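Tertiary structure, described
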Amino acid sequence: MKGAIKFSTLAAAVLAASMTMYSTNAAAAGQADIDAALAAAREAVAAAQRAEAAAVEAKRAAEAAQAKAEAESARAKAIVDQAAAKDGKAASVDVGWKPSFDFHGYFRAGVGVSSNGANNGWNQSKVGRLGNESDTYSELEFGTEVYKVNGVSFYIDSLVQLNSDGSDDGEELKNDGTVKDDDMTVSLRQFNLQVKGLIPGQPNAVVWAGKRYYQRADIHIIDKKYINIAGSGAGIEYLQAGPGTFSFAWIRKDQQQINYDFEDNGYLGNYNGDLNVNYLDARYAGWAPWQGAWTQFHVAAAIPNGADGTYNGHNVSGDPEFDNGTSFMGTIEFSQNFSAGYNKTVLQYANKALAHNVIDMDGGWYDAWKDNEDAKGFQIINTGEINITDNFSLNHVLQYGYASDMGNEDDHSIIRAVARAGYQLTTYTRLLAEVGSYWEDVEYKSGNDASQDGQKYTLAYAIAPGKGLMSRPELRVYASYLVANGDSLTDSANPGINSIGAVTGGSSDDTEWNFGVQAEAWW
(Lines give C-alpha, C1' and ligand atoms only; values in the text may rest on other atoms or scores of the structure.)
Protein backbone atom coordinates (compact mmCIF):
# COMPACT_ATOMS: atom_id res chain seq x y z
CA MET A 1 0.00 0.00 0.00
CA LYS A 2 2.87 2.36 0.87
CA GLY A 3 4.54 1.94 -2.60
CA ALA A 4 1.25 2.29 -4.42
CA ILE A 5 0.46 5.59 -2.69
CA LYS A 6 3.92 6.93 -3.40
CA PHE A 7 3.97 5.96 -7.11
CA SER A 8 0.47 7.13 -7.99
CA THR A 9 0.84 10.46 -6.20
CA LEU A 10 4.25 11.29 -7.69
CA ALA A 11 3.12 10.22 -11.20
CA ALA A 12 0.13 12.51 -10.96
CA ALA A 13 2.34 15.38 -9.86
CA VAL A 14 4.86 14.89 -12.71
CA LEU A 15 2.09 14.53 -15.30
CA ALA A 16 0.48 17.72 -14.05
CA ALA A 17 3.79 19.56 -14.28
CA SER A 18 4.50 18.23 -17.81
CA MET A 19 1.10 19.22 -19.11
CA THR A 20 1.49 22.66 -17.65
CA MET A 21 4.91 23.11 -19.25
CA TYR A 22 3.66 21.81 -22.62
CA SER A 23 0.69 24.12 -22.60
CA THR A 24 2.89 27.00 -21.67
CA ASN A 25 5.44 26.27 -24.43
CA ALA A 26 2.70 25.78 -26.95
CA ALA A 27 1.38 29.24 -26.16
CA ALA A 28 4.89 30.67 -26.30
CA ALA A 29 4.51 31.77 -22.66
CA GLY A 30 7.19 33.69 -20.85
CA GLN A 31 9.64 32.54 -18.28
CA ALA A 32 7.31 33.61 -15.43
CA ASP A 33 4.67 31.12 -16.49
CA ILE A 34 7.27 28.36 -16.62
CA ASP A 35 8.43 29.18 -13.07
CA ALA A 36 4.84 29.07 -11.83
CA ALA A 37 4.35 25.68 -13.40
CA LEU A 38 7.48 24.34 -11.75
CA ALA A 39 6.35 25.70 -8.35
CA ALA A 40 3.00 23.96 -8.75
CA ALA A 41 4.80 20.71 -9.52
CA ARG A 42 6.99 21.04 -6.43
CA GLU A 43 3.91 21.71 -4.23
CA ALA A 44 2.22 18.64 -5.66
CA VAL A 45 5.26 16.52 -4.81
CA ALA A 46 5.35 17.93 -1.23
CA ALA A 47 1.65 17.18 -0.78
CA ALA A 48 2.25 13.62 -1.90
CA GLN A 49 5.08 13.23 0.61
CA ARG A 50 2.87 14.54 3.44
CA ALA A 51 0.10 12.15 2.49
CA GLU A 52 2.59 9.29 2.48
CA ALA A 53 3.87 10.22 5.97
CA ALA A 54 0.30 10.43 7.34
CA ALA A 55 -0.50 7.02 5.90
CA VAL A 56 2.61 5.53 7.54
CA GLU A 57 1.71 7.07 10.93
CA ALA A 58 -1.88 5.81 10.70
CA LYS A 59 -0.61 2.34 9.92
CA ARG A 60 1.70 2.42 12.95
CA ALA A 61 -1.14 3.54 15.24
CA ALA A 62 -3.41 0.81 13.91
CA GLU A 63 -0.71 -1.82 14.44
CA ALA A 64 -0.11 -0.60 18.04
CA ALA A 65 -3.85 -0.67 18.84
CA GLN A 66 -4.16 -4.15 17.37
CA ALA A 67 -1.16 -5.35 19.41
CA LYS A 68 -2.67 -3.94 22.62
CA ALA A 69 -6.04 -5.55 21.90
CA GLU A 70 -4.37 -8.87 21.14
CA ALA A 71 -2.40 -8.69 24.41
CA GLU A 72 -5.53 -7.96 26.47
CA SER A 73 -7.40 -10.70 24.65
CA ALA A 74 -4.56 -13.13 25.29
CA ARG A 75 -4.54 -12.22 28.97
CA ALA A 76 -8.29 -12.75 29.26
CA LYS A 77 -8.07 -15.97 27.30
CA ALA A 78 -5.30 -17.24 29.58
CA ILE A 79 -7.53 -16.65 32.61
CA VAL A 80 -10.43 -18.39 30.95
CA ASP A 81 -8.29 -21.30 29.71
CA GLN A 82 -6.86 -21.77 33.19
CA ALA A 83 -10.34 -21.88 34.69
CA ALA A 84 -11.59 -24.16 31.92
CA ALA A 85 -8.64 -26.53 32.42
CA LYS A 86 -9.42 -26.81 36.11
CA ASP A 87 -13.12 -27.24 35.45
CA GLY A 88 -12.64 -29.64 32.56
CA LYS A 89 -15.12 -27.69 30.45
CA ALA A 90 -14.91 -25.32 27.53
CA ALA A 91 -15.51 -21.64 28.25
CA SER A 92 -15.49 -18.45 26.21
CA VAL A 93 -14.73 -14.99 27.56
CA ASP A 94 -17.48 -12.40 27.05
CA VAL A 95 -16.88 -10.12 24.07
CA GLY A 96 -15.33 -6.82 25.13
CA TRP A 97 -14.52 -7.94 28.68
CA LYS A 98 -11.21 -7.20 30.37
CA PRO A 99 -10.15 -7.32 34.07
CA SER A 100 -11.16 -4.22 36.04
CA PHE A 101 -9.81 -2.37 39.06
CA ASP A 102 -12.10 -0.30 41.28
CA PHE A 103 -11.08 2.10 44.04
CA HIS A 104 -13.71 3.51 46.40
CA GLY A 105 -13.48 5.10 49.78
CA TYR A 106 -14.55 7.53 52.49
CA PHE A 107 -12.70 9.89 54.78
CA ARG A 108 -13.23 12.73 57.23
CA ALA A 109 -10.49 14.78 58.84
CA GLY A 110 -9.89 18.27 60.15
CA VAL A 111 -8.77 20.51 62.97
CA GLY A 112 -10.70 22.27 65.69
CA VAL A 113 -10.71 23.80 69.14
CA SER A 114 -13.28 24.06 71.92
CA SER A 115 -13.76 26.11 75.04
CA ASN A 116 -11.96 23.30 76.92
CA GLY A 117 -9.01 23.02 74.54
CA ALA A 118 -9.23 20.08 72.14
CA ASN A 119 -12.08 19.82 69.67
CA ASN A 120 -15.03 17.88 71.09
CA GLY A 121 -17.25 15.17 69.65
CA TRP A 122 -20.26 14.60 71.88
CA ASN A 123 -23.28 12.35 71.32
CA GLN A 124 -23.17 12.65 67.53
CA SER A 125 -25.87 10.00 67.12
CA LYS A 126 -28.23 11.98 69.35
CA VAL A 127 -27.66 15.64 68.42
CA GLY A 128 -26.09 15.35 64.95
CA ARG A 129 -22.58 15.07 63.55
CA LEU A 130 -22.05 18.35 61.67
CA GLY A 131 -19.42 20.38 63.53
CA ASN A 132 -19.32 17.67 66.20
CA GLU A 133 -16.57 15.28 65.10
CA SER A 134 -12.97 15.29 66.27
CA ASP A 135 -11.48 12.14 64.73
CA THR A 136 -9.70 11.20 61.53
CA TYR A 137 -11.50 8.30 59.90
CA SER A 138 -11.17 6.59 56.54
CA GLU A 139 -12.27 3.51 54.60
CA LEU A 140 -10.29 2.39 51.56
CA GLU A 141 -12.03 -0.13 49.29
CA PHE A 142 -10.34 -2.04 46.48
CA GLY A 143 -12.16 -4.38 44.12
CA THR A 144 -11.62 -6.19 40.84
CA GLU A 145 -13.67 -8.29 38.47
CA VAL A 146 -11.15 -11.08 37.97
CA TYR A 147 -13.06 -12.53 35.05
CA LYS A 148 -16.40 -12.75 33.34
CA VAL A 149 -17.26 -15.88 31.39
CA ASN A 150 -20.53 -16.68 29.65
CA GLY A 151 -22.23 -13.84 31.56
CA VAL A 152 -20.97 -15.04 34.97
CA SER A 153 -18.96 -12.39 36.85
CA PHE A 154 -16.40 -13.12 39.59
CA TYR A 155 -15.67 -10.03 41.70
CA ILE A 156 -13.26 -9.70 44.66
CA ASP A 157 -13.90 -6.86 47.11
CA SER A 158 -11.82 -5.64 50.07
CA LEU A 159 -11.94 -2.74 52.52
CA VAL A 160 -9.54 -1.49 55.19
CA GLN A 161 -10.67 0.91 57.91
CA LEU A 162 -8.25 3.39 59.52
CA ASN A 163 -9.22 5.51 62.52
CA SER A 164 -7.32 7.89 64.78
CA ASP A 165 -8.04 10.73 67.21
CA GLY A 166 -6.33 13.18 64.88
CA SER A 167 -4.16 14.64 67.64
CA ASP A 168 -0.65 13.93 66.31
CA ASP A 169 1.44 14.04 63.16
CA GLY A 170 2.76 10.47 63.12
CA GLU A 171 -0.16 8.33 64.26
CA GLU A 172 0.94 4.73 64.09
CA LEU A 173 0.75 1.28 65.64
CA LYS A 174 3.30 -0.27 67.95
CA ASN A 175 5.52 -3.03 66.61
CA ASP A 176 3.33 -5.64 68.26
CA GLY A 177 0.29 -4.31 66.41
CA THR A 178 -1.31 -2.66 69.44
CA VAL A 179 -2.33 0.99 69.47
CA LYS A 180 0.33 3.58 70.28
CA ASP A 181 -0.99 6.18 72.74
CA ASP A 182 -4.53 5.34 71.67
CA ASP A 183 -3.87 7.14 68.40
CA MET A 184 -4.66 4.77 65.56
CA THR A 185 -6.46 1.55 64.76
CA VAL A 186 -6.44 -0.46 61.53
CA SER A 187 -9.26 -2.93 60.83
CA LEU A 188 -9.88 -5.37 58.00
CA ARG A 189 -13.60 -4.92 57.41
CA GLN A 190 -14.18 -6.57 54.02
CA PHE A 191 -12.57 -9.32 51.95
CA ASN A 192 -15.01 -11.37 49.92
CA LEU A 193 -15.81 -13.01 46.58
CA GLN A 194 -19.08 -12.18 44.81
CA VAL A 195 -20.28 -14.35 41.91
CA LYS A 196 -23.05 -12.79 39.81
CA GLY A 197 -25.11 -14.43 37.07
CA LEU A 198 -24.39 -18.01 38.15
CA ILE A 199 -28.00 -19.05 38.84
CA PRO A 200 -30.04 -19.79 35.68
CA GLY A 201 -32.82 -17.29 35.15
CA GLN A 202 -31.41 -14.98 37.85
CA PRO A 203 -28.96 -12.61 36.08
CA ASN A 204 -28.77 -10.21 39.06
CA ALA A 205 -28.46 -12.81 41.83
CA VAL A 206 -25.17 -12.86 43.73
CA VAL A 207 -23.57 -15.77 45.57
CA TRP A 208 -20.93 -14.54 48.02
CA ALA A 209 -18.59 -15.63 50.80
CA GLY A 210 -16.03 -13.88 52.98
CA LYS A 211 -15.91 -10.86 55.28
CA ARG A 212 -18.38 -8.14 54.42
CA TYR A 213 -20.47 -5.10 55.25
CA TYR A 214 -23.81 -6.70 54.47
CA GLN A 215 -26.57 -4.43 53.07
CA ARG A 216 -26.27 -1.91 55.89
CA ALA A 217 -29.00 0.74 56.39
CA ASP A 218 -27.47 4.14 57.13
CA ILE A 219 -28.72 7.51 58.39
CA HIS A 220 -25.88 9.83 57.48
CA ILE A 221 -26.52 12.99 59.53
CA ILE A 222 -26.35 11.04 62.82
CA ASP A 223 -23.83 8.42 61.58
CA LYS A 224 -25.96 5.45 62.64
CA LYS A 225 -27.01 2.22 60.92
CA TYR A 226 -30.27 0.71 62.14
CA ILE A 227 -29.41 -2.53 60.28
CA ASN A 228 -25.75 -3.46 60.59
CA ILE A 229 -25.22 -7.23 60.40
CA ALA A 230 -21.56 -7.29 59.34
CA GLY A 231 -18.82 -9.89 59.70
CA SER A 232 -17.58 -13.10 58.12
CA GLY A 233 -20.18 -15.14 56.32
CA ALA A 234 -21.81 -16.37 53.14
CA GLY A 235 -25.08 -15.91 51.34
CA ILE A 236 -27.24 -15.49 48.28
CA GLU A 237 -28.75 -12.09 47.53
CA TYR A 238 -31.09 -10.42 45.02
CA LEU A 239 -33.03 -13.53 44.03
CA GLN A 240 -35.93 -12.20 41.96
CA ALA A 241 -39.33 -13.34 43.25
CA GLY A 242 -42.37 -11.44 42.11
CA PRO A 243 -41.98 -7.66 42.37
CA GLY A 244 -38.99 -7.86 44.74
CA THR A 245 -35.90 -9.85 45.64
CA PHE A 246 -34.93 -12.23 48.46
CA SER A 247 -31.55 -12.20 50.20
CA PHE A 248 -30.29 -14.80 52.69
CA ALA A 249 -27.07 -14.76 54.69
CA TRP A 250 -25.22 -16.54 57.50
CA ILE A 251 -22.80 -14.18 59.27
CA ARG A 252 -20.51 -14.72 62.25
CA LYS A 253 -19.94 -11.78 64.58
CA ASP A 254 -18.30 -12.89 67.84
CA GLN A 255 -18.34 -10.96 71.11
CA GLN A 256 -15.06 -10.81 73.03
CA GLN A 257 -14.08 -10.74 76.71
CA ILE A 258 -17.35 -12.33 77.88
CA ASN A 259 -17.40 -13.36 81.53
CA TYR A 260 -17.76 -17.16 82.02
CA ASP A 261 -18.56 -18.75 85.39
CA PHE A 262 -17.56 -22.39 85.82
CA GLU A 263 -17.34 -25.20 88.38
CA ASP A 264 -14.90 -28.10 88.13
CA ASN A 265 -14.83 -30.73 90.89
CA GLY A 266 -15.87 -28.23 93.52
CA TYR A 267 -13.64 -25.43 92.15
CA LEU A 268 -15.60 -22.23 91.40
CA GLY A 269 -14.13 -19.64 89.10
CA ASN A 270 -14.63 -17.39 86.10
CA TYR A 271 -12.69 -16.26 83.06
CA ASN A 272 -13.06 -13.92 80.10
CA GLY A 273 -13.45 -15.55 76.71
CA ASP A 274 -15.07 -15.12 73.31
CA LEU A 275 -18.70 -15.88 72.56
CA ASN A 276 -19.38 -17.20 69.09
CA VAL A 277 -22.52 -15.52 67.69
CA ASN A 278 -24.02 -16.66 64.37
CA TYR A 279 -26.59 -14.50 62.58
CA LEU A 280 -29.19 -15.88 60.18
CA ASP A 281 -30.46 -12.99 58.07
CA ALA A 282 -33.38 -12.91 55.59
CA ARG A 283 -34.75 -10.00 53.58
CA TYR A 284 -37.34 -9.26 50.92
CA ALA A 285 -36.91 -5.88 49.22
CA GLY A 286 -38.19 -3.93 46.26
CA TRP A 287 -41.96 -4.37 46.38
CA ALA A 288 -43.52 -1.10 45.22
CA PRO A 289 -47.25 -0.87 46.05
CA TRP A 290 -47.42 2.29 43.90
CA GLN A 291 -45.17 4.50 41.82
CA GLY A 292 -42.17 5.87 43.71
CA ALA A 293 -42.64 3.53 46.67
CA TRP A 294 -40.05 1.03 47.98
CA THR A 295 -40.28 -1.51 50.81
CA GLN A 296 -38.06 -3.94 52.67
CA PHE A 297 -38.91 -6.66 55.20
CA HIS A 298 -36.02 -7.96 57.30
CA VAL A 299 -35.58 -10.50 60.08
CA ALA A 300 -32.38 -11.59 61.82
CA ALA A 301 -31.74 -14.25 64.45
CA ALA A 302 -28.58 -14.04 66.59
CA ILE A 303 -27.61 -17.49 67.90
CA PRO A 304 -24.89 -17.63 70.59
CA ASN A 305 -22.60 -20.66 70.79
CA GLY A 306 -20.21 -20.73 73.76
CA ALA A 307 -17.05 -22.83 73.48
CA ASP A 308 -15.88 -25.50 75.91
CA GLY A 309 -12.21 -25.60 76.90
CA THR A 310 -9.81 -25.41 79.80
CA TYR A 311 -8.68 -22.57 82.06
CA ASN A 312 -5.78 -22.95 84.51
CA GLY A 313 -6.11 -26.71 84.27
CA HIS A 314 -9.87 -26.72 84.92
CA ASN A 315 -12.62 -27.77 82.55
CA VAL A 316 -14.70 -24.79 81.52
CA SER A 317 -18.37 -24.87 80.55
CA GLY A 318 -19.41 -23.14 77.35
CA ASP A 319 -22.17 -21.11 79.06
CA PRO A 320 -21.46 -17.40 79.62
CA GLU A 321 -22.44 -15.64 82.82
CA PHE A 322 -25.47 -14.11 81.10
CA ASP A 323 -26.97 -16.72 78.80
CA ASN A 324 -29.43 -14.59 76.82
CA GLY A 325 -30.01 -17.26 74.18
CA THR A 326 -31.20 -16.80 70.61
CA SER A 327 -32.36 -13.23 70.01
CA PHE A 328 -34.43 -11.76 67.19
CA MET A 329 -34.70 -8.45 65.37
CA GLY A 330 -37.32 -7.60 62.75
CA THR A 331 -37.52 -4.47 60.57
CA ILE A 332 -40.03 -3.03 58.11
CA GLU A 333 -38.96 -0.13 55.88
CA PHE A 334 -41.21 1.97 53.70
CA SER A 335 -39.72 4.66 51.45
CA GLN A 336 -41.41 7.09 49.08
CA ASN A 337 -39.55 8.96 46.36
CA PHE A 338 -41.08 12.10 44.87
CA SER A 339 -39.94 14.90 42.59
CA ALA A 340 -38.62 17.05 45.45
CA GLY A 341 -36.89 14.31 47.48
CA TYR A 342 -37.75 11.23 49.51
CA ASN A 343 -39.15 10.12 52.88
CA LYS A 344 -38.58 6.84 54.75
CA THR A 345 -40.29 5.31 57.78
CA VAL A 346 -38.76 2.39 59.70
CA LEU A 347 -40.42 0.11 62.26
CA GLN A 348 -38.14 -2.22 64.23
CA TYR A 349 -38.65 -4.75 67.02
CA ALA A 350 -35.94 -6.63 68.94
CA ASN A 351 -35.71 -8.86 71.99
CA LYS A 352 -33.20 -10.31 74.46
CA ALA A 353 -29.58 -9.49 73.61
CA LEU A 354 -30.64 -7.44 70.56
CA ALA A 355 -33.20 -5.28 72.40
CA HIS A 356 -30.72 -2.49 73.19
CA ASN A 357 -30.40 -1.74 69.43
CA VAL A 358 -33.74 0.09 69.48
CA ILE A 359 -32.21 2.57 71.96
CA ASP A 360 -28.65 3.08 70.69
CA MET A 361 -29.32 2.22 66.99
CA ASP A 362 -26.35 -0.15 66.67
CA GLY A 363 -28.21 -2.27 64.12
CA GLY A 364 -27.57 -5.81 65.42
CA TRP A 365 -24.90 -5.86 68.14
CA TYR A 366 -25.37 -8.79 70.56
CA ASP A 367 -25.21 -7.68 74.23
CA ALA A 368 -23.88 -10.55 76.36
CA TRP A 369 -22.57 -8.35 79.19
CA LYS A 370 -25.79 -8.20 81.20
CA ASP A 371 -28.97 -10.18 81.83
CA ASN A 372 -31.25 -9.51 78.82
CA GLU A 373 -33.23 -12.75 78.82
CA ASP A 374 -36.57 -10.91 79.19
CA ALA A 375 -35.62 -7.73 77.34
CA LYS A 376 -37.68 -6.43 74.43
CA GLY A 377 -38.22 -3.14 72.65
CA PHE A 378 -39.14 -1.26 69.50
CA GLN A 379 -38.24 1.90 67.63
CA ILE A 380 -39.87 4.14 65.01
CA ILE A 381 -37.70 6.21 62.67
CA ASN A 382 -38.66 8.79 60.10
CA THR A 383 -36.00 10.32 57.87
CA GLY A 384 -35.76 12.01 54.50
CA GLU A 385 -34.69 14.95 52.40
CA ILE A 386 -36.73 17.58 50.59
CA ASN A 387 -35.65 20.23 48.09
CA ILE A 388 -37.86 23.15 49.10
CA THR A 389 -36.49 25.39 46.31
CA ASP A 390 -33.75 25.00 43.72
CA ASN A 391 -31.23 26.31 46.27
CA PHE A 392 -32.70 25.32 49.66
CA SER A 393 -32.78 21.71 50.99
CA LEU A 394 -33.67 20.09 54.32
CA ASN A 395 -32.63 16.68 55.70
CA HIS A 396 -34.04 15.28 58.93
CA VAL A 397 -34.27 12.28 61.25
CA LEU A 398 -36.82 11.65 64.02
CA GLN A 399 -36.62 8.59 66.28
CA TYR A 400 -38.48 7.18 69.25
CA GLY A 401 -37.13 4.08 70.98
CA TYR A 402 -38.36 2.10 73.98
CA ALA A 403 -37.03 -1.04 75.70
CA SER A 404 -37.81 -2.88 78.92
CA ASP A 405 -36.00 -5.35 81.22
CA MET A 406 -32.50 -4.67 79.91
CA GLY A 407 -30.12 -5.70 82.68
CA ASN A 408 -30.81 -3.55 85.75
CA GLU A 409 -33.29 -1.34 83.88
CA ASP A 410 -37.07 -1.56 84.06
CA ASP A 411 -37.76 0.93 81.27
CA HIS A 412 -35.56 2.93 78.90
CA SER A 413 -36.82 5.45 76.33
CA ILE A 414 -35.25 7.97 74.00
CA ILE A 415 -36.34 10.62 71.49
CA ARG A 416 -33.96 12.02 68.83
CA ALA A 417 -34.64 14.96 66.52
CA VAL A 418 -31.98 16.28 64.12
CA ALA A 419 -32.38 18.53 61.07
CA ARG A 420 -29.76 19.83 58.61
CA ALA A 421 -30.55 22.65 56.17
CA GLY A 422 -28.47 23.88 53.25
CA TYR A 423 -28.71 27.01 51.12
CA GLN A 424 -26.74 27.05 47.85
CA LEU A 425 -24.89 30.34 47.36
CA THR A 426 -22.99 29.53 44.17
CA THR A 427 -22.22 26.44 42.13
CA TYR A 428 -19.50 25.45 44.64
CA THR A 429 -20.46 27.13 47.95
CA ARG A 430 -23.33 26.81 50.41
CA LEU A 431 -24.40 27.69 53.93
CA LEU A 432 -25.30 24.83 56.32
CA ALA A 433 -27.19 24.82 59.60
CA GLU A 434 -27.86 21.80 61.85
CA VAL A 435 -29.97 21.63 64.98
CA GLY A 436 -30.25 18.50 67.12
CA SER A 437 -31.83 17.51 70.41
CA TYR A 438 -32.53 14.35 72.42
CA TRP A 439 -34.43 13.35 75.56
CA GLU A 440 -33.60 10.10 77.40
CA ASP A 441 -35.20 8.52 80.49
CA VAL A 442 -34.27 5.38 82.47
CA GLU A 443 -36.17 3.73 85.33
CA TYR A 444 -34.06 1.18 87.23
CA LYS A 445 -35.25 -1.96 88.99
CA SER A 446 -33.78 -0.56 92.20
CA GLY A 447 -36.35 2.25 92.16
CA ASN A 448 -33.89 4.92 91.04
CA ASP A 449 -34.41 6.86 87.85
CA ALA A 450 -32.44 9.29 85.70
CA SER A 451 -33.35 11.71 82.92
CA GLN A 452 -31.16 13.73 80.59
CA ASP A 453 -31.33 15.79 77.43
CA GLY A 454 -28.96 17.69 75.18
CA GLN A 455 -28.86 20.07 72.24
CA LYS A 456 -26.47 21.17 69.50
CA TYR A 457 -26.58 24.20 67.20
CA THR A 458 -24.20 24.42 64.21
CA LEU A 459 -23.53 26.93 61.45
CA ALA A 460 -21.11 26.14 58.62
CA TYR A 461 -19.81 27.52 55.33
CA ALA A 462 -19.08 24.71 52.87
CA ILE A 463 -17.37 24.21 49.51
CA ALA A 464 -18.50 21.27 47.38
CA PRO A 465 -18.98 20.36 43.70
CA GLY A 466 -22.57 21.00 42.74
CA LYS A 467 -25.86 21.21 44.58
CA GLY A 468 -27.32 18.79 47.10
CA LEU A 469 -26.70 18.28 50.80
CA MET A 470 -24.98 14.96 50.09
CA SER A 471 -22.70 16.13 47.25
CA ARG A 472 -19.09 15.34 48.11
CA PRO A 473 -16.20 16.03 48.57
CA GLU A 474 -16.99 18.89 50.94
CA LEU A 475 -14.75 21.29 52.87
CA ARG A 476 -16.50 23.13 55.69
CA VAL A 477 -15.74 25.80 58.29
CA TYR A 478 -18.05 25.45 61.29
CA ALA A 479 -19.02 26.76 64.71
CA SER A 480 -21.10 24.66 67.14
CA TYR A 481 -22.67 25.21 70.55
CA LEU A 482 -23.46 22.18 72.74
CA VAL A 483 -25.73 21.97 75.78
CA ALA A 484 -26.13 19.09 78.28
CA ASN A 485 -28.93 18.96 80.86
CA GLY A 486 -30.14 16.55 83.54
CA ASP A 487 -28.55 13.46 85.09
CA SER A 488 -25.90 10.98 84.12
CA LEU A 489 -27.58 7.64 83.35
CA THR A 490 -26.44 5.84 86.51
CA ASP A 491 -28.34 3.53 88.88
CA SER A 492 -27.94 5.74 91.93
CA ALA A 493 -30.00 7.93 94.20
CA ASN A 494 -27.53 10.71 93.24
CA PRO A 495 -26.60 9.91 89.65
CA GLY A 496 -24.56 13.06 89.01
CA ILE A 497 -24.90 15.52 86.16
CA ASN A 498 -25.10 15.02 82.42
CA SER A 499 -21.75 16.48 81.42
CA ILE A 500 -20.12 17.18 78.05
CA GLY A 501 -16.66 17.34 79.59
CA ALA A 502 -17.03 13.96 81.26
CA VAL A 503 -17.44 12.38 77.83
CA THR A 504 -14.66 14.21 76.00
CA GLY A 505 -12.01 14.38 78.75
CA GLY A 506 -12.35 18.06 79.53
CA SER A 507 -13.98 19.67 82.55
CA SER A 508 -17.47 18.68 83.64
CA ASP A 509 -19.18 21.55 81.88
CA ASP A 510 -22.77 21.44 80.73
CA THR A 511 -22.09 23.78 77.79
CA GLU A 512 -19.38 23.77 75.14
CA TRP A 513 -18.50 25.46 71.86
CA ASN A 514 -16.54 24.03 68.94
CA PHE A 515 -14.84 25.86 66.09
CA GLY A 516 -12.99 24.12 63.27
CA VAL A 517 -12.42 23.15 59.66
CA GLN A 518 -13.25 19.68 58.33
CA ALA A 519 -13.14 17.84 55.01
CA GLU A 520 -15.36 14.88 54.13
CA ALA A 521 -15.52 12.81 50.96
CA TRP A 522 -16.69 9.55 49.48
CA TRP A 523 -15.93 8.23 46.02
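What comes next is a walk through the structure. Predicted, not measured: the structure shown is a model, and the values here were computed from it.

1. Re the pairing of strand β5 (residues 184-196)
A regular strand carries its side chains on alternate faces of the sheet. Across twelve bridges, the pairing between strand β4 (residues 152-164) and β5 is antiparallel. Counted as the bridge partner of Asp157 is Asn192 from β5. Across six bridges, β5 lies against strand β6 (residues 206-212) in antiparallel orientation. Bridge pairing in β6 places Lys196 opposite Val206.

2. Remarks on the layout of surface pockets
Take a probe with the size of a water molecule and roll it over the atoms, and the empty space left behind shows itself. Here the largest pocket is characterised by a volume of approximately 1500 Å³. The set of elements that each furnish at least two residues to the lining of the largest pocket consists of β1 (102-114), α3 (124-127), β3 (136-149), β4, β5, β6, β8 (224-227) and β9 (231-241).

3. Examining the nonpolar core
Ranked by size, the top nonpolar core spans 37 residues in total, and within it Tyr279 and Tyr366 carry the most contacts. No other element matches strand β12 (residues 267-285), which puts three residues into this core.

4. Focus: the side chain of Glu237
Note on placement: Glu237 falls in strand β9. The exposure class of Glu237 is buried, given its relative accessible area of 1%. Within the local environment of Glu237, its side chain forms a polar contact with the side chain of Arg212, the two groups lying 2.8 Å apart. A polar contact of 2.7 Å, which involves the side chain of Glu237, links it to the side chain of Gln215. In this structure, Glu237 is in contact with Asn204, Ala205, Val206, Trp208, Arg212, Tyr214, Gln215, Phe246 and Ser247, ignoring residues within four places of it in sequence.

5. Digging into the packing of aromatic side chains
On inspection of all chains with the given rule, the structure shows 14 aromatic pairs. Taking 5.5 Å as the distance between ring centres and 15° as the angle between the ring planes, the aromatic pair formed by Trp365 and Trp369 counts as stacked. Using a relative accessible area of 38% as the deciding quantity, one classes Trp369 as partly exposed. For the pair Phe378 and Tyr400, a centre-to-centre distance of 6.1 Å together with 55° between the ring planes defines the contact as tilted. With Phe378 in strand β18 (residues 376-387) and Tyr400 in strand β19 (residues 392-404), this residue pair connects regions lying 22 residues apart in the sequence. Linked through ring pairs, Phe101, Phe103, Phe142 and Trp523 together constitute an aromatic cluster. The lysine or arginine in question, Arg212, covers the ring of Trp208, its NZ or CZ lying 5.0 Å from the ring centre. The side chain of Arg216 reaches across the aromatic face of Tyr213, ending 3.5 Å from its centre.

6. Some details on the pairing of strand β10 (residues 244-252)
Looking at chain direction, β9 and β10 are connected through eight bridges and run antiparallel. Note on β10: the bridge partner recorded for Gly235 is Ala249. The turn linking β9 back onto β10 is made up of two residues, and Gly242 within it adopts a positive phi angle of 70°.

7. What to know about unusual backbone geometry
Negative phi is the rule for most residues except glycine; trans is the rule for most peptide bonds. Across the junction of Arg472 and Pro473, the peptide omega takes the value 10°, indicating a cis bond. When you line up the elements, Pro473 lands in the loop between β22 (449-463) and β23 (474-486). Phi is positive for Asn123, which is not a glycine, with a value near 50°. Summarising the element assignment, Asn123 is placed in the loop between β2 (117-118) and α3. Within the chain, Met361 stands out as a residue other than glycine whose phi angle is a positive 60°. Locating Met361 in the fold gives a position in the loop between α4 (357-360) and β18.

What counts, and where the lines are drawn
Residues numbered from 1 in each chain as written. Predicted model: local features only at pLDDT ≥ 70, side-chain atom pairs only at ≥ 80, totals over all residues. Heavy atoms only, no water. Pairing = 2+ DSSP bridges. Helix = DSSP H or I, 4+ residues; strand = E, 2+ residues; numbered from the N terminus. 1 Å grid on protein atoms, 1.4 Å probe; cavity = no way out; pocket = protein on both sides within 12 Å on 5 of 7 lines; lining within 4 Å. Points joined across faces, edges and corners; volume = space filled by probe spheres on them. Core = buried A, V, L, I, M, F, W, Y, C linked by side-chain atoms within 4.5 Å. Buried < 20%, exposed > 50% of the residue type's maximum accessible area, 1.4 Å probe, protein only. Polar contact = N/O pair within 3.5 Å; in protein donor to acceptor, adjacent residues only side chain to side chain. Contact = heavy atoms within 4.5 Å. Phe/Tyr/Trp six-rings, centres within 6.5 Å; stacked < 30°, edge-to-face > 60°. Lys NZ or Arg CZ within 6 Å of the ring centre and 35° of its normal.

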